[in-house]
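Chains, contacts and geometry: an overview
Residue-level listing of the chains:
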Amino acid sequence: MKILVADDSRAMRMIVARTLRQAGFSGHEIIEAENGAEALELAREEEPDLILSDWNMPEMTGIDFLRSLHRSGIDIPFCFVTSEGSEEMREMAEESGALGLITKPFTAERFTEVLSTVVSL
Amino acid sequence: MSSIDELEDARQDLESLLLDVLNSTLGEEAFTTDESLPAGPLATSRLSIHDEAQDTYLGIEIRVGAVLARLLASKMMAAGDPSPDDLLDAVGELGNIVGGNVKTLLYHTARLSLPMADLNSRTGPGDPDDPSTTLRVAASVFGQTAQVVLTPGAPVDGLYWPPSQEDEALEKQP
């Protein structure tokens, strides 16, 4: 599988990749983007199988990234990995068709819980 | 949520939040502390929450010493010798995690800025925080102190806010 990780923090992109491995999702190709706009371009070019995206990012936020994907007719499993987990954001994520919202700090168990239906071990 | 009294009511939750973030990020148990920050330059991450309903701002600053900043970057990036850019990124992301959780804890409809990190902050000798205008919580991890300082109405100069499609729509208006 090809997994796109979008976050403006390189440290967080590394943590997400590491946590995927800790959750047992090893051997997948990870591609990275620093913001929603770059992620949108990469998603169009690379056609990843899963997108893990931060919400608050420069250039384009995660929710706008997801909505832009849908407007382009691209339907890729999408999960938010963000420091904010308000009910309002969870509802917005769900209404926009996201798989879920994983809040930082997170655990490998939480990754397994949310992603096991779409990521192969 | 804009007064010190309201923040004081949430002190225990804010302390727990800081402990959870440090425990998870560093993989080491953190404890609430009254210890001061170490001497020397501080690494800081500054953010703000805009309460859109009340049109008020809450400033958030996370402060750590140089040793903890290096430990943080080493752990987060699995790097033995983190570069200054790694330190900025790690401290900034620590601020982002704390800020996001503070927002979830205290607000319903609000907007969180992006973090602005600095490796050479110094708040000056003595205690710079006026308890009548700021709320400070602190934790110790690996024997090092981390502080979170919340300041209602703190200036938002220099902070960057994530764009929204609403902003873009406004910009396009004649």
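Our structure's up above, just so we're on the same page.
Residues numbered from 1 in each chain as written. Chains lettered and ligands numbered in written order. Predicted model: local features only at pLDDT ≥ 70, side-chain atom pairs only at ≥ 80, totals over all residues. Heavy atoms only, no water.

Considerations on the overall build of chain A
Rules: Only DSSP runs of H or I with at least four residues qualify as helices, and only runs of E with at least two residues qualify as strands; both kinds are numbered from the N terminus onward. Summary of the burial criterion: residues with accessible area below 20% of their type's maximum are buried, those above 50% are exposed, and those between are partly exposed, where the area comes from a 1.4 Å probe applied to protein chains only.
Looking only at helices and strands, chain A features five helices and five strands. Traced from its N-terminal end to its C-terminal end, chain A shows the element sequence β-α-β-α-β-α-β-α-β-α. Considering only C-alpha atoms, chain A reaches an extent of 35 × 30 × 25 Å along its principal axes. Taken over 121 residues, chain A has a buried fraction of 58%.

Some points on helix α2 (residues 36-46) of chain A
All names here are of chain A. Stated formally: Note: the arc covers the axis-to-C-beta directions of the helix. When checking whether two residues touch, look at their non-hydrogen atoms; a contact exists if any pair is within 4.5 Å. Throughout this description, a polar contact denotes any pair of N or O atoms lying within 3.5 Å of each other; where both atoms belong to protein, one of them has to be capable of donating a hydrogen while the other can accept it, and for residues adjacent in sequence the pair is counted only when both atoms sit in side chains.
Turning to α2, its buried residues are Gly36, Ala39, Leu40, Leu42 and Ala43. Down the axis of α2, the buried side of the element spans an arc of 170°, and every buried residue falls inside it. Turned more than 90 degrees off the buried face of α2, the exposed positions are Glu41 and Glu45. For α2, the elements touching its buried residues are β1 (2-6), β2 (29-33), β3 (50-53) and α3 (62-71). Near the N-terminus of α2, the side chain that reaches the backbone nitrogen of Ala37, with its oxygen 3.0 Å away, is that of Asn35. Glu47 occupies a position one or two residues after α2 and carries a positive phi of about 45°.

Considerations on the environment of B:Asp51
Residue and element names in this part refer to chain B. Note on placement: Asp51 falls in strand β2 (residues 42-51). Residues Asp51 and Lys103 lie 52 residues apart in sequence; the distance between their C-alpha atoms is 9.3 Å. Among the polar contacts listed, one links the side chain of Asp51 to the backbone nitrogen of Ala53, at a separation of 3.0 Å.

Re the interface of chain B and chain A
Let me state the cut-off plainly: Buried area counts how much accessible surface, traced with a 1.4 Å probe, disappears from two parts once they are put together, with both parts' losses summed. Salt bridge, as used here: a side-chain nitrogen of Lys or Arg that lies within 4 Å of a carboxyl oxygen of Asp or Glu. In the scheme used here, Gly and all other residues not listed as nonpolar or charged are polar, with Ala, Val, Leu, Ile, Met, Phe, Trp, Tyr, Cys and Pro taken as nonpolar and Asp, Glu, Lys and Arg as charged.
With 27 residues of chain B at the interface, the matching set in chain A holds 27 residues. Both sides together, the interface formed by chain B and chain A hides about 2100 Å², and carbon and sulfur atoms give 50% of it. Linking chain B with chain A are three salt bridges. Here B:Asp86 makes a salt bridge to A:Arg10, at a shortest N to O gap of 2.7 Å. When residues of the side of chain B that touches chain A are traced back to their parent elements, those giving at least two are α2 (11-26), α3 (66-77) and α4 (84-106) of chain B. Among the residues forming the side of chain B that touches chain A, the class breakdown is eleven nonpolar, ten polar and six charged.

Examining the sheet that holds strand β5 (residues 100-103) of chain A
All names here are of chain A. Stated precisely, the cut-off is as follows: Here, strands pair whenever DSSP counts at least two bridges between them. Simply put, an axis is a line fit to the C-alpha atoms, just over the touching stretch for a helix, and the angle between two N-to-C directions goes from 0 to 180 degrees.
In spatial order, the strands read β2-β1-β3-β4-β5; together these five strands make up an open sheet with parallel pairing. This sheet does not close on itself; its edge strands, each paired only once, are β2 and β5. Shown here is a sheet whose adjacent strand axes are inclined to one another by a mean of 20°, direction ignored. Across four bridges, β1 lies against β3 in parallel orientation.

A closer look at the nonpolar core
Quick note on the threshold: Put simply, buried Ala, Val, Leu, Ile, Met, Phe, Trp, Tyr and Cys residues joined by side-chain atoms within 4.5 Å make one nonpolar core.
Core analysis: the largest hydrophobic core is formed by 63 residues, its most contacted members being A:Leu52, A:Phe111, A:Leu115, B:Leu22 and B:Val102. The biggest single contributor to this core is α4(B), with eight residues. Non-local contacts of A:Leu115, meaning those with residues more than four positions away in its chain, are made with A:Leu20, A:Phe25, A:Leu50, A:Leu52, A:Cys79 and A:Leu99. Counting 24 residues, the second largest nonpolar core, distinct from the first, contains A:Ala43, A:Ile51, A:Met60 and A:Phe78.

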